[in-house]
Amino acid sequence: MEVSIAQAEAKSGETISVPIMIDAVDNLAGVKLVVLYDANVLEFKNAVKGPKAGSLMHVVNSKTPGRVVVVMAGARGIKGENFPIVTLDFLAKPCAQESCISNLKITEAQLMSDKLKDLEFSLKSQDVVVVPSKEATASPAPPEKMPNAS
């Protein structure tokens, strides 16, 4: 089983939704994820359970900028393939450079079955790239040509 963060790109000022995916699971009843991000590039806004995780209750701790903790639990395990367990919403902060990058990294994770057995898995992290928003800049009108006064 692999738990992965999808790669994403946003313009400054946009809200970006980054799903945390599970490629295949048969009996998932408990989840703990600690995700780190660059608080100079992104501002955490919200965490939304994926549709398959509807039966799991969830708690999100985002009090520390740059760190989000998501804990989910349920009495019965869920199963599925290639689905988002949770989607993290961020605001892309202004970026003065050509692009700003925040690596979203799962630094701690635990997945458990409804029998309270740890499930084996691997982790895959990705970057979120923020590019400056291209504001509509009106190009100056070409100078009018003056007729020759001869």
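Everything numeric in this text was worked out from a predicted model, so none of it was measured.

## Description of the side chain of Thr-87
Consideration 1: As for its position among the elements, Thr-87 is in strand β6 (residues 67-92).
Consideration 2: For Thr-87, a relative accessible area of 18% gives the class buried.
Consideration 3: Excluding residues within four positions of it along the chain, Thr-87 makes contact with Ser-17, Val-18, Pro-19, Asn-46, Ala-47 and Val-48.

## A few points about the nonpolar core
Consideration 1: In terms of nonpolar packing, the biggest core is built from 37 residues, with Ile-20, Ile-85, Leu-88, Phe-90 and Leu-104 touching the most fellow members.
Consideration 2: Broken down by secondary-structure element, the contributors of at least two residues to this core are β1 (2-5), β2 (8-11), β3 (15-36), β4 (42-49), β6, β7 (100-112) and β9 (126-131).
Consideration 3: Per-element tally for this core: the top contributor is β6, with 10 residues.
Consideration 4: Among all residues touching Phe-90, those that are not within four sequence positions of it are Glu-14, Thr-15, Ile-16, Val-18, Tyr-37, Leu-42, Glu-43, Phe-44, Lys-45 and Leu-104.

## Description of the pattern of salt bridges
Consideration 1: Under the definition given, this model contains two salt bridges.
Consideration 2: The closest approach of N and O atoms between Lys-32 and Glu-108, which form a salt bridge, is 3.4 Å. In this pair, Lys-32 is assigned in strand β3 and Glu-108 in strand β7, connecting sequence segments 76 residues apart.
Consideration 3: Look at Glu-108 and you get partly exposed, because its relative accessible area is 37%.
Consideration 4: A salt bridge links Lys-45 to Glu-43, with the shortest nitrogen-to-oxygen separation between them at 3.0 Å.
Consideration 5: With relative accessibility at 46%, the residue Lys-45 sits in the partly exposed group.
Consideration 6: Owing to a relative accessible area of 32%, Glu-43 belongs among the partly exposed residues under this scheme.

## Comments concerning the confidence of the model for the protein
Consideration 1: The predicted model of the protein averages 87 in pLDDT, with 89% of residues at 70 or higher.
Consideration 2: pLDDT under 50 marks residues 135-150. Its contacts with residues more than four places away, or in other chains, come to zero contacts.

## A look at the packing of aromatic side chains
Centre distance and the angle of the planes are the two values used to describe a pair of aromatic rings.
Consideration 1: Counted by the stated rule, this structure contains two aromatic pairs.
Consideration 2: Ring geometry for Tyr-37 against Phe-90: centres 5.0 Å apart, planes inclined by 65 degrees, an arrangement best described as edge-to-face. Of this pair, Tyr-37 sits in the loop between β3 and β4 while Phe-90 sits in strand β6, and the two are 53 residues apart along the sequence.
Consideration 3: What makes Tyr-37 buried here is its relative accessible area of 9%.
Consideration 4: Judged by centre distance (5.8 Å) and plane angle (75 degrees), the ring pair of Phe-44 and Phe-90 falls under edge-to-face. You can see Phe-44 sitting in strand β4 and its partner Phe-90 sitting in strand β6, a full 46 residues away along the chain. Each member of the pair Phe-44 and Phe-90 is classed as buried.

Thresholds, definitions, all that
Residue positions are given per chain, counted from 1 along the sequence in the order it is written. Per-residue local features are limited, in this predicted model, to residues with pLDDT of at least 70; the limit for side-chain atom pairs, both in listing and counting, is 80 or more; totals at the level of whole chains, interfaces and linings are taken over all residues. By convention in this description, side-chain values take in all heavy atoms of the structure and omit both hydrogens and water. Helix and strand labels come from DSSP, where a helix needs a run of H or I of at least four residues and a strand needs a run of E of at least two; each type is numbered from the N terminus. Note on exposure labels: buried denotes an accessible area under 20% of the residue type's maximum, exposed denotes more than 50%, and partly exposed covers the range between, all computed with a 1.4 Å probe on protein chains only. Residues count as neighbours in contact if any of their non-hydrogen atoms are within 4.5 Å of one another. The set of buried Ala, Val, Leu, Ile, Met, Phe, Trp, Tyr and Cys residues whose side-chain atoms join them within 4.5 Å is what this entry labels a nonpolar core. Any carboxyl oxygen of Asp or Glu that lies within 4 Å of a side-chain nitrogen of Lys or Arg is treated as forming a salt bridge with it. Confidence scores here are pLDDT values: one per residue, from the predictor, ranging 0 to 100. By convention, a stacked pair of Phe, Tyr or Trp rings (six-membered ring in the case of Trp) has centres within 6.5 Å and planes under 30 degrees apart, an edge-to-face pair has planes over 60 apart, and any other such pair is tilted.

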